[in-house]
Amino acid sequence: MLNRYDLLLVGSGLFNSIIAREAKHKGLKCLVLEKRDNIGGNLYCEDVEGIHVHKYGPHIFHTKEKRIWDYVNNLTSFNHFIYTPLARYKDKLYNLPFNMNTFYQLWGTITPAEAMIKLKEQQIEMKNDNLEEKALSLVGKDIYETLIKGYTEKQWGKSATELPSFIIQRLPIRFRYDNNYFNDPYQGIPVGGYNPLIEQCFKGCDIQLSTDFLHDRDYFAKQADKVVFTGMIDAYYEYIYGALEYRSLRFEEERLETENYQGNAAVNYTQREIPYTRIIEHKLFEFGTQPHTVITREYPAVWEKGQEPFYPVNTAINNKRYEQYRLLSEKEKKVIFGGRLGYYKYLDMDQIIALALDASKEIINCFN
Ligand code: FAD
């Protein structure tokens, strides 16, 4: 029987959008299955009266790689947005990432030498291997208690003394007055949100929305010569080695009749008692001038099967379990796994694009 398609792309997130674009250039025919009712995966933006609302969490594009920056700029235009989040603790605001502005706000120190002395005074030696002691050893009591403890405990739903120290391998500290969160030379937000970028990539593909590949995998797999699966790898294998753990998020969106609610795209709430971790004001990603605004409060949530998986919990047990699934996936002849859920790893968009470009070369080679 002749397949109608060369490639079946399961999932319409960034990973498969790049595969689709590269495959099309080589004349391959793609069918896309997406279980949600829109394409774009976690990059999807909803247009609320001209404001592009990042429905699955705010996404700022940043990269060190010029070839990736050129690649995305060929798909859509980017603005000059720079991510400079603020942290609110009680009634005070602090700049992030930790830099000379933050030290001034905390301690009144003016010069890097003064800030270094203050920091050194506070750093402790680690006696127990947990997140609290790790953070105290890196940045000391004031920064830890004001800006890290409450936020991290909310995010992971556990006390910092119960959390493993590997969660914070390092905490970026800058002895410069510089609030730019990322160190990368290229940064911005697509003008008009992420949907045009994604639509451009999938142009010419057949797309079936609200369709879960796993509901009839045999039927769908017969539609193409190769399948690129970007859903959860453990779900694909029906959890035979157990479920991989995730943390989830809950978003509470509000439209407000005010032009400017918080004056900054992102404000983190670092107090434990405030249940959300941050408030996003979407129009500020694109310097919007609408008379109204849309904000989203982001609440960390426990993940259970069936809920949106946001952050993989890369403990030793979960990583070992993932490795078992990965070994199984290597034996597949027709199915290739990709994307953040296929690799069970948090990956920024530029990393996803680099991985998808590599994967697309291999996939296209199969058709030569
Ligand atoms: P996804 O976007 O998750 O796409 C997978 C798609 O597959 C989904 O649409 C899903 O519905 C679909 N699917 C799954 N299973 C099936 C199935 N069985 N059948 C059919 N369809 C299926 N990166 C940055 O560079 N900058 C940021 O600021 C940033 N912010 C982030 C904020 C949050 C809260 C999170 C969680 C991530 C953030 N990222 C950011 C990372 C970014 O979201 C990822 O790099 C990117 O979305 C990964 O794309 P993907 O295609 O692998 O996965």
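Check the entry above for the structure.
Residues numbered from 1 in each chain as written. Predicted model: local features only at pLDDT ≥ 70, side-chain atom pairs only at ≥ 80, totals over all residues. Heavy atoms only, no water.

A. Structural view of the site of the ligand. Taken together, 33 residues sit near the ligand, with Glu34, His59, Arg340, Leu347 and Met349 positioned nearest. Contact between the ligand and leucine 14: an oxygen atom at 3.1 Å from a main-chain N or O atom of the residue. A distance of 3.1 Å is found between a nitrogen atom of the ligand and a backbone nitrogen or oxygen belonging to proline 58. Taken by itself the ligand offers 1000 Å² of open surface, and the protein chains cover 96% of this. Counting only elements with at least two residues in the shell around the ligand, the list comes to helix H1 (14–25), helix H10 (339–343) and helix H11 (349–365). Classifying every residue of the shell around the ligand gives 17 nonpolar, 10 polar and six charged. (Near = heavy atom within 4 Å. Polar contact = N/O pair within 3.5 Å; in protein donor to acceptor, adjacent residues only side chain to side chain. Areas by Shrake-Rupley, 256 points an atom, 1.4 Å probe, with all protein chains shown as cover. Helix = DSSP H or I, 4+ residues; strand = E, 2+ residues; numbered from the N terminus. Nonpolar A, V, L, I, M, F, W, Y, C, P; charged D, E, K, R; others polar.)

B. Layout of a nonpolar patch on the surface. A cluster of nonpolar residues, Tyr104, Ile110 and Tyr177, forms a patch on the protein surface that exposes about 340 Å² of accessible area. Mapped onto the secondary structure, isoleucine 110 falls in the loop between helix H3 (100–107) and helix H4 (112–122). A relative accessible area of 48% places isoleucine 110 in the partly exposed class. (Patch = residues over 30% accessible without salt bridge, like charges linked within 9 Å, V, L, I, M, F, W, Y side chains within 5 Å. Salt bridge = Lys/Arg side-chain N within 4 Å of Asp/Glu carboxyl O. Buried < 20%, exposed > 50% of the residue type's maximum accessible area, 1.4 Å probe, protein only.)

C. The arrangement of the pattern of salt bridges in detail. Enumeration according to the criterion identifies 19 salt bridges in this entry. Notably, a salt bridge pairs glutamate 153 with lysine 149, separated by 3.1 Å at the nearest N-O pair. Taken as a pair, glutamate 153 and lysine 149 lie in helix H5 (residues 131–156) at a separation of four residues, close to a single helical turn. With relative accessibility at 28%, the residue lysine 149 sits in the partly exposed group. We note a salt bridge from glutamate 252 to arginine 250, for which the minimum N-O separation is 3.4 Å. Under the relative-accessibility criterion, arginine 250 is labelled partly exposed at 41%. Taken together, the shared-partner salt bridges connect Glu46, Lys55 and Glu253 into one network.

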